[in-house]
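Topology and contacts: notes
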Amino acid sequence: MRFTSLIAGPLLMAVSTFLWDGERYGVTAGVVIMIANTLWIYGLIGVWERIAEVKPLTGAVGLVLALVGCIGGVAFGLQAFFEGIFEVSGAESLAAAEAYPTASTIVLWLPGSMMPISLVALGIALAWSRLAPLWLGALLFASGAAFPLSRITRTESIAHLADAFILAAFAVLLVHYLRERTNAVRAPQPA
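For the structure given in this document, a descriptive report is provided here. Bear in mind the structure is a predicted one, so any value in this text is a computation, not a measurement. (Residues numbered from 1 in each chain as written. Predicted model: local features only at pLDDT ≥ 70, side-chain atom pairs only at ≥ 80, totals over all residues. Heavy atoms only, no water.)

1. Here we look at the overall build of the protein chain
- Per the secondary structure count, the protein chain includes seven helices and zero strands.
- The globule rule puts the C-alpha radius of gyration for 191 residues at 16 Å, and the 18 Å found for the protein chain is close to it.
- When contacts within the protein chain are restricted to residue pairs at least 6 apart in sequence, those whose partners lie at least 24 apart make up 73%.
- With an accessible surface of roughly 10000 Å², the protein chain has 72% of that area assigned to carbon and sulfur atoms.
- The distance from the centre of the 10 positive side-chain charges to the centre of the 11 negative ones in the protein chain is 19 Å. (Helix = DSSP H or I, 4+ residues; strand = E, 2+ residues; numbered from the N terminus. Rg over C-alpha atoms; globule rule 2.2 N^0.38 Å. Contact = heavy atoms within 4.5 Å. Areas by Shrake-Rupley, 256 points an atom, 1.4 Å probe, with all protein chains shown as cover. Lys, Arg positive; Asp, Glu negative; His and termini not counted. Charge placed at Lys NZ, Arg CZ, Asp CG, Glu CD.)

2. Description of the nonpolar core
- Counting residues in hydrophobic clusters, the biggest one holds 34 residues, and the most contacted among them are W40, L44, V47, I51, L122, L126 and F170.
- Contributions of two or more residues to this core are made by α1 (2–18), α2 (26–54), α3 (56–85), α5 (101–129), α6 (134–153) and α7 (156–186).
- Per-element tally for this core: the top contributor is α2, with 10 residues.
- Apart from the residues lying within four places of it in its own chain, the contact partners of L122 are L44, V47, W48, I51, L140 and F170. (Core = buried A, V, L, I, M, F, W, Y, C linked by side-chain atoms within 4.5 Å. Buried < 20%, exposed > 50% of the residue type's maximum accessible area, 1.4 Å probe, protein only.)

3. As for the side chain of T17
- As for its placement among the helices and strands, T17 is situated in helix α1.
- For T17, a relative accessible area of 1% corresponds to the buried category.
- Within the local environment of T17, its side chain forms a polar contact with the side chain of R151, the two groups lying 3.2 Å apart.
- Here T17 is in contact with R151, A159, H160 and D163, once residues within four sequence places are set aside. (Polar contact = N/O pair within 3.5 Å; in protein donor to acceptor, adjacent residues only side chain to side chain.)

4. Re the environment of G144
- Turning to its location among the elements, G144 is positioned in helix α6.
- When the C-alpha positions of G144 and G123 are compared, they lie 8.7 Å apart, and in sequence the two are 21 residues distant.

5. Description of unusual backbone geometry
- With a phi angle near 50 degrees, E87 is a residue other than glycine that sits in the positive phi range.
- Its location among the elements puts E87 in the loop between α3 and α4 (90–98).
- Even without glycine at this site, R130 takes up a positive phi of about 65 degrees.
- Its location among the elements puts R130 in the loop between α5 and α6.

Purely geometric numbers; function is a separate question.
Now the structure itself:
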């Protein structure tokens, strides 16, 4: 299940972009985002635990970033859901959030920014710990950088490109881990 969630999370995030209602997520995409982040975190925990075996402090910090980032993803999914069911525009939603700056920062802005930061950190950590090829680390780094640009500007083409980068990176990571696991099983056991 852990390996499956490494694909299910980013795949559902990519699906949510196709469900945008105009330039916003809306009810259906909001629910899909919540499910995506809930599934994704399970796989991310496994990757960061693997990094922690080699780089304990890096793994611990990365795990916190990933957890908070996925919580931010769920929060934004809820925001989209409630905007949709209460027929609140994006501008009205932002104006309402401005009335509660501290709460909005704690619930939305800080956790939401942690997801792309955690993707960048994951790319760096995987390359630095040599648990994945350097180019895969670079792909995760690029996807983490493209993600906020696509969501802030609500540019659909950039969003699909960022989603494709993320999905490709996690698909390669999954294959990498499955090969590593298969090779460990096939390795001769010491007598």
